[in-house]
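# Chains, contacts and geometry: an overview
The residues making up each chain are set out below.
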Amino acid sequence: RKGMKSELIELISAAASNIGEVEVVKIISEAPLNADPLLLEALDKLVPVEGSAAPSEQLVEQVKSLRQKRVSLKVGESKRTEESGIEYIIPILSGFGRDGFVLLLPQILRSERVVVEG
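Residues numbered from 1 in each chain as written. Predicted model: local features only at pLDDT ≥ 70, side-chain atom pairs only at ≥ 80, totals over all residues. Heavy atoms only, no water.

## Topic: helix α6 (residues 97–110)
- Compared with an ideal rise of 1.5 Å per residue, which puts 14 residues at 20 Å, α6 spans 20 Å between its outermost C-alpha atoms and is within 8% of the ideal.
- Turning to α6, its buried residues are Gly 100, Leu 104 and Ile 108. (Helix = DSSP H or I, 4+ residues; strand = E, 2+ residues; numbered from the N terminus. Expected span 1.5 Å × (residues − 1). Buried < 20%, exposed > 50% of the residue type's maximum accessible area, 1.4 Å probe, protein only.)

## Overview of the packing of helix α2 (residues 21–28) against helix α3 (residues 36–46)
- It is at 11 Å that the axes of α2 and α3 come closest, and there the two elements cross at 175 degrees. Between α2 and α3, the angle is such that the two are roughly antiparallel. Within the contact between the two elements, α2 uses Glu 21, Val 24, Val 25 and Ile 28 and α3 uses Leu 39, Ala 42, Leu 43 and Leu 46. (Axes fitted to C-alpha atoms, helices over the stretch in contact; angles between N-to-C directions. Parallel < 35°, antiparallel > 145°, perpendicular 65-115°, else oblique. Contact = heavy atoms within 4.5 Å.)

## Some points on the environment of Leu 33
- Position of Leu 33 relative to the elements: it lies in the loop between α2 and α3.
- For the pair Leu 33 and Arg 70, spaced 37 residues apart in the sequence, the C-alpha separation amounts to 7.5 Å.
- Beyond its immediate stretch of four places on either side in the chain, Leu 33 contacts Arg 70, Leu 73, Lys 74 and Glu 77.

## Notes on the nonpolar core
- Core analysis: the largest hydrophobic core is formed by 24 residues, its most contacted members being Ile 28, Leu 43 and Ile 89.
- Those elements that place two or more of their residues in this core are α1 (2–19), α2, α3, α4 (57–78), α5 (86–89) and α6.
- What Leu 43 contacts, discounting residues up to four positions off in sequence, is Val 25, Ile 28, Val 63, Leu 66, Tyr 88 and Pro 91. (Core = buried A, V, L, I, M, F, W, Y, C linked by side-chain atoms within 4.5 Å.)

Next comes the structure, spelled out in structure tokens:
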């Protein structure tokens, strides 16, 4: 299982270098809801970590769209009325700038899920 997961992450990285991160996010946004752990790891791998490069504006917008889509699917499936989906935003937080981060901070702190790990 771990081997398959690492192979998928490698494929996602290769796809990102060939077709771009934004296109990869569009593709993985179609994954079933039970694939969220893999989807979240893929998002984490798509965001630049070297230097101080923030994710592109296009990548940030595509992840916001993915978040909205996944949250609406989860709310519809569970019949819950509230779901923040903040876990999708964590990998691209640096793309929001200081003001955007300050606006998201209350959602991060109220999240029932563990969204940030050491």
